[in-house]
Amino acid sequence: MEFHTQELEDVVIVGAGIAGLATAVALKRVGVRSVVLERSDELRTTGAALSLFPNAWIALEALGVAQKLTDMYRPFKRGYVTNLVNGSVQEMSFNSVLDEWNANGARTVHRKALLETLAGELPSDAIHYSTKLSFIETRTQGDSSMSILHVEDGSIIKAKVLIGCDGIHSPVASWLGLSEPVHSGRFAVRGLAVMPQGHGLNNEVHQFLHNGSRAGVTHLTDTEAYWFITYPSTFSDEEEMRAGDPKMLQRKVLEKLANFPPMLLEYVQQSDLTTLSWAPLMLRLPWDLLFKNLSKGNVTVAGDALHPMTPDLGQGGCSALEDAVILARHIGTYYLKHKNIVPIEMTEAVKLYVKERRWRAMALITGSYLSGRVQQGGSKWMMNFIRDKLFYRFLLRRMADFINFDCGKLPCVNPSKEVDDEHNKIE
Ligand SMILES: Cc1cc2nc3c(=O)[nH]c(=O)nc-3n(C[C@H](O)[C@H](O)[C@H](O)COP(=O)(O)OP(=O)(O)OC[C@H]3O[C@@H](n4cnc5c(N)ncnc54)[C@H](O)[C@@H]3O)c2cc1C
């Protein structure tokens with residue numbers, strides 16, 4: 001569907017990734033219509049799969065889609081982290097780390113299934129593919145502001161609220177004045193192994209550490225396993241990988257896994273080559289979250305556009321789902337008063353969202369980075385001591401607080417139910 005010049009929308013979301021689709025679904029559940037602009041011509045499923053922890057499942061419950069996914073994927077029960085340099089093995093029972101009441105636990109899901117499940121909740125005309133935001137202007141009328149979005153094809157869209165869910169190099173985040181994310185010094189390659197005879201993983205996650213690299217594998221379905229490797233390198237060494245030829249990526253990963261157990265190499269060898277992807281691991285400097293504007297008027301950001309982080313706690317996508325619920329809760333609470341998007345109230349809603357997310361986003365970026373540093377810090381005895389004696393035994397359990405976070409529910413569109421003002425939640 002094409003936009004006619006100067007069309008006015010209540011809410012425009014830029015980006016149809018996890019954050020953008022989840023935000024559109026959350027808004028729909030509070031009665032607010034939004035349109036999603038996506039520069040690609042279809043949903044982007046780069047990265048093949050991702051792990052979703054209890055905080056994500058709580059958010060997916062609020063979005064009304066958790067069960068569609070839990071019917072398809074089993075939770076993992078146990079994890080093993082083997083330090084290949086000193087032979088130590090840390091065993092983690094996920095039942096002890098995850099809140100018992102959260103029956104959904106932690107599960108790895110296909111990205112495609114997650115995105116399609118979210119997109120399936122939206123009206124057929126909600127997502128506008130091949131629609132790339134070029135630049136933003138704002139217009140202020142009295143007390144309220146409005147965004148004027150210029151699309152690459154020349155069309156113009158006016159929005160009462162603009163939400164940038166446009167990923168790590170977000171144009172909306174740069175418009176807000178946030179700096180570009182920085183490189184962590186590490187890269188990742190991920191893929192899916194397809195094993196019709198079964199993968200033998202028994203609902204377990206196996207990770208291995210070797211001199212600054214971390215590689216692991218977990219089950220996805222009965223015949224598919226998801227594997228990953230993260231490793232230190234420089235951009236110049238990665239030139240060839242960046243081109244993304246899958247056969248070459250597979251060969252390079254096998255070279256990097258030379259000192260890893262043969263079972264891991266077997267998963268990489270049995271990969272569906274179309275699922276392989278390479279990525280530099282980037283993060284937003286945590287103090288940017290504290291000192292810079294995360295909103296201006298009725299414009300804000302969510303997901304990687306707000307908090308790009310290294311994947312060491314598996315929290316980027318999970319926290320994008322939290323963002324969606326919390327932002328829609330604030331917008332919905334105001335919307336439900338008049339059944340109308342009142343621009344001046346939206347400025348308040350956006351401010352409340354930023355206030356609620358700022359510290360958590362900063363903590364997640366920092367926690368993920370430190371977790372990566374400790375786990376992959378190399379072979380020095382001090383690092384080994386911190387990792388094996390402190391991190392896995394004590395600190396990781398503290399970090400469990402991160403993944404058990406409860407983002408709450410959405411206000412109910414049913415007027416017979418009352419909004420709990422104190423928590424802005426409906427029971
Ligand atoms: C190696 C690795 C492993 C990971 N593992 C996990 C994990 O196990 N669990 C987890 O929760 N997270 C994980 N993550 C993080 C997770 O992948 C991201 O946090 C998540 O995908 C972010 O979603 P998003 O919607 O914010 O951004 P994106 O998925 O990047 O979506 C942004 C969308 O915006 C579109 N867009 C960009 N610019 C424009 C424009 N100008 N106009 C229109 N559209 C635009 C893009 O095309 C894209 O579709 C991992 C990340 C990596 C790199």
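Since the structure is predicted, the reported quantities are computational estimates derived from the model, not experimental observations.

> How do you make sense of the overall build of the protein when you look at a structure like this?
A tally of helices and strands in the protein yields 13 helices and 17 strands. Counting all 427 residues of the protein, 58% fall into the buried class. A sequence separation of at least 24 residues applies to 74% of the contacts in the protein between residues at least 6 apart. Accessible surface for the protein amounts to roughly 18400 Å². Of this, 52% is attributable to carbon and sulfur atoms.

> Explain the site of the ligand here, please?
Close to the ligand lie 31 residues, the nearest being Glu38, Ser51, Arg111, Asp304 and Gly317. Within the contact set of the ligand, an oxygen atom lies 3.1 Å away from a side-chain nitrogen or oxygen of Arg39. A distance of 2.9 Å separates an oxygen atom of the ligand from a polar backbone atom of Gly317. Protein coverage of the free-state accessible area of the ligand, which is 1000 Å², stands at 90%.

> Help me out: how do you make sense of the side chain of Ser277 in this one?
Summarising the element assignment, Ser277 is placed in strand 15 (residues 277–283). Assessed through its relative accessible area of 7%, Ser277 is described here as buried. Sequence-distant contacts of Ser277, defined by excluding residues within four places in its chain, comprise Thr46, Gly47, Ala188, Val189, Arg190 and Leu249.

> Explain the packing of helix 11 (residues 316–338) against helix 12 (residues 343–375) to me, please; I cannot follow it from the model alone.
Two numbers describe a pair of packed helices, the interaxial angle and the distance between the axes. For the pair helix 11 and helix 12, the least separation of the axes is 9 Å and the interaxial angle reads 160 degrees. What the angle tells us is that helix 11 and helix 12 run roughly antiparallel. In the crossing of helix 11 with helix 12, the sense of the turn from one axis to the other is right-handed. Taken together, the residues of helix 12 that come into contact with helix 11 (itself represented by Ser319, Glu322, Asp323, Ile326, Leu327, Arg329, His330, Ile331, Tyr334, Tyr335 and His338) are Glu345, Met346, Glu348, Ala349, Leu352, Tyr353, Glu356, Arg357, Arg360 and Leu364.

> Help me out: how do you make sense of unusual backbone geometry in this one?
Glycine aside, negative phi is the norm for most residues, and most peptide bonds take the trans geometry. Phi at Asn203 takes a positive value of approximately 55 degrees, unusual for a residue other than glycine. Note that Asn203 resides in the loop between strand 11 (182–194) and strand 12 (204–210). Positive phi, normally seen in glycine, also occurs at Asn211, with a value near 45 degrees.

> Could you clarify how one ought to interpret the nonpolar core in this entry?
Within soluble globular proteins, side chains that are nonpolar tend to cluster in buried spots. Formed by 101 residues in total, the largest nonpolar core has its most connected members in Leu52, Leu60, Leu63, Ile163 and Ile331. The element that contributes the greatest number of residues to this core is helix 11, accounting for 12 residues. Each of domain 1 (7–72 + 102–181 + 284–374) and domain 2 (183–283) contributes no fewer than three residues to this core. Ignoring any residue separated from it by four or fewer positions in sequence, one finds Ile163 in contact with Val11, Val12, Ile13, Val14, Thr23, Leu27, Thr300, Ala302, Leu327 and Ile331. Core analysis: the second largest hydrophobic core is formed by 24 residues, Phe187, Val217, Ala225 and Met248 among them.

> Please clarify how helix 9 (residues 262–269) should be interpreted in this entry.
Helical periodicity: at 3.6 residues per turn, an α-helix aligns residues three or four positions apart in one direction. Residues of helix 9 that are buried: Leu264, Leu265, Tyr267 and Val268. In a view along the axis of helix 9, the buried residues occupy a sector of 155 degrees, so they form one face of it. Those residues of helix 9 that are buried are in contact with strand 11, strand 12, strand 13 (213–219), strand 14 (224–232) and helix 8 (246–256).

> Please explain the pairing of strand 12 as it appears in this structure.
Every regular strand shows the same layout, with side chains that alternate between the two sheet faces. Strand 12 sits mainly inside the fold: 7 of its 7 residues count as buried. Of the two faces of strand 12, both are covered, the one formed by Glu204, His206, Phe208 and His210 as well as the one formed by Val205, Gln207 and Leu209. As defined by bridge partners, strand 4 (residues 78–83) adjoins strand 12 across 6 bridges and the pair is classed as parallel. When the sheet's bridge partners are listed, Gly79 is paired in strand 12 with Val205. With 6 bridges joining them, strand 12 and strand 13 adopt antiparallel strand pairing. Counted as the bridge partner of His210 is Ser213 from strand 13. Between strand 12 and the antiparallel strand that follows it, strand 13, lie 2 residues; Asn211 among them carries a positive phi value of about 45 degrees.

> For this particular structure, what's the right way to read the sheet that holds strand 4?
Through backbone hydrogen bonds, the strands of a sheet pair up, either in parallel or in antiparallel fashion. In spatial order, the strands read 5-4-12-13-14-11-15; together these 7 strands make up an open sheet with mixed pairing. At either margin of the open sheet sits one strand with a lone partner, and together these are strand 5 (89–93) and strand 15. Between one strand axis and the next, the sheet turns through 20 degrees on average, direction left out of account. Bridge count between strand 13 and strand 14: 6 bridges; the pairing is antiparallel. Bridged to His219 within strand 14 is Ala225. Packing against the sheet, helix 9 makes contact with strand 11, strand 12, strand 13 and strand 14, and its axis sits at approximately 70 degrees to strand 13.

> Where do I start with the side chain of Thr23 in this structure?
Note that Thr23 resides in helix 1 (residues 18–29). Apart from the residues lying within four places of it in its own chain, the contact partners of Thr23 are Ile13, Ile163, Cys165, Ala324 and Leu327.

> What is the right way to look at the confidence of the model for the protein in this model?
One rule of thumb: low pLDDT means the predicted coordinates there are not for detailed reading. Residues with a pLDDT of 70 or more make up 88% of the protein, whose mean pLDDT is 89. Taken as a whole, residues 416–427 scores under 50 in pLDDT and shows 19 contacts with residues more than four places along the chain or in a different chain.

> Would you explain helix 5 (residues 111–119) in this entry?
Taking burial as the measure, the 9 residues of helix 5 include 7 buried ones, the bulk of the element. For helix 5, the complete set of buried residues consists of Arg111, Ala113, Leu114, Leu115, Thr117, Leu118 and Ala119.

> Mind showing me how you'd approach the packing of aromatic side chains here?
How two aromatic rings sit relative to each other is given by the distance of their centres and the angle of their planes. Counting across every chain of the model gives 5 aromatic pairs. An angle of 25 degrees between the planes, with centres 6.2 Å apart, marks the rings of Phe187 and Tyr231 as stacked. With Phe187 in strand 11 and Tyr231 in strand 14, this residue pair connects regions lying 44 residues apart in the sequence. Taken together, a centroid distance of 6.4 Å and an interplanar angle of 40 degrees make the contact between Tyr226 and Phe228 tilted. An identical accessibility class is assigned to Tyr226 and Phe228; each is buried. Its end group placed over the ring of Tyr231, Lys256 keeps NZ or CZ at 4.2 Å from the ring centre. In this arrangement the basic side chain of Lys296 is found over the ring face of Trp175, its NZ or CZ atom lying 4.9 Å from the centre.

So, how was this worked out
- Residues numbered from 1 in each chain as written.
- Predicted model: local features only at pLDDT ≥ 70, side-chain atom pairs only at ≥ 80, totals over all residues.
- Heavy atoms only, no water.
- Helix = DSSP H or I, 4+ residues; strand = E, 2+ residues; numbered from the N terminus.
- Buried < 20%, exposed > 50% of the residue type's maximum accessible area, 1.4 Å probe, protein only.
- Contact = heavy atoms within 4.5 Å.
- Areas by Shrake-Rupley, 256 points an atom, 1.4 Å probe, with all protein chains shown as cover.
- Near = heavy atom within 4 Å.
- Polar contact = N/O pair within 3.5 Å; in protein donor to acceptor, adjacent residues only side chain to side chain.
- Axes fitted to C-alpha atoms, helices over the stretch in contact; angles between N-to-C directions.
- Parallel < 35°, antiparallel > 145°, perpendicular 65-115°, else oblique.
- Left-handed = near helix turned anticlockwise from the far one by under 90°.
- Core = buried A, V, L, I, M, F, W, Y, C linked by side-chain atoms within 4.5 Å.
- Domains from an automatic or database assignment.
- Arc of directions from axis to C-beta.
- Pairing = 2+ DSSP bridges.
- pLDDT = per-residue confidence, 0-100.
- Phe/Tyr/Trp six-rings, centres within 6.5 Å; stacked < 30°, edge-to-face > 60°.
- Lys NZ or Arg CZ within 6 Å of the ring centre and 35° of its normal.

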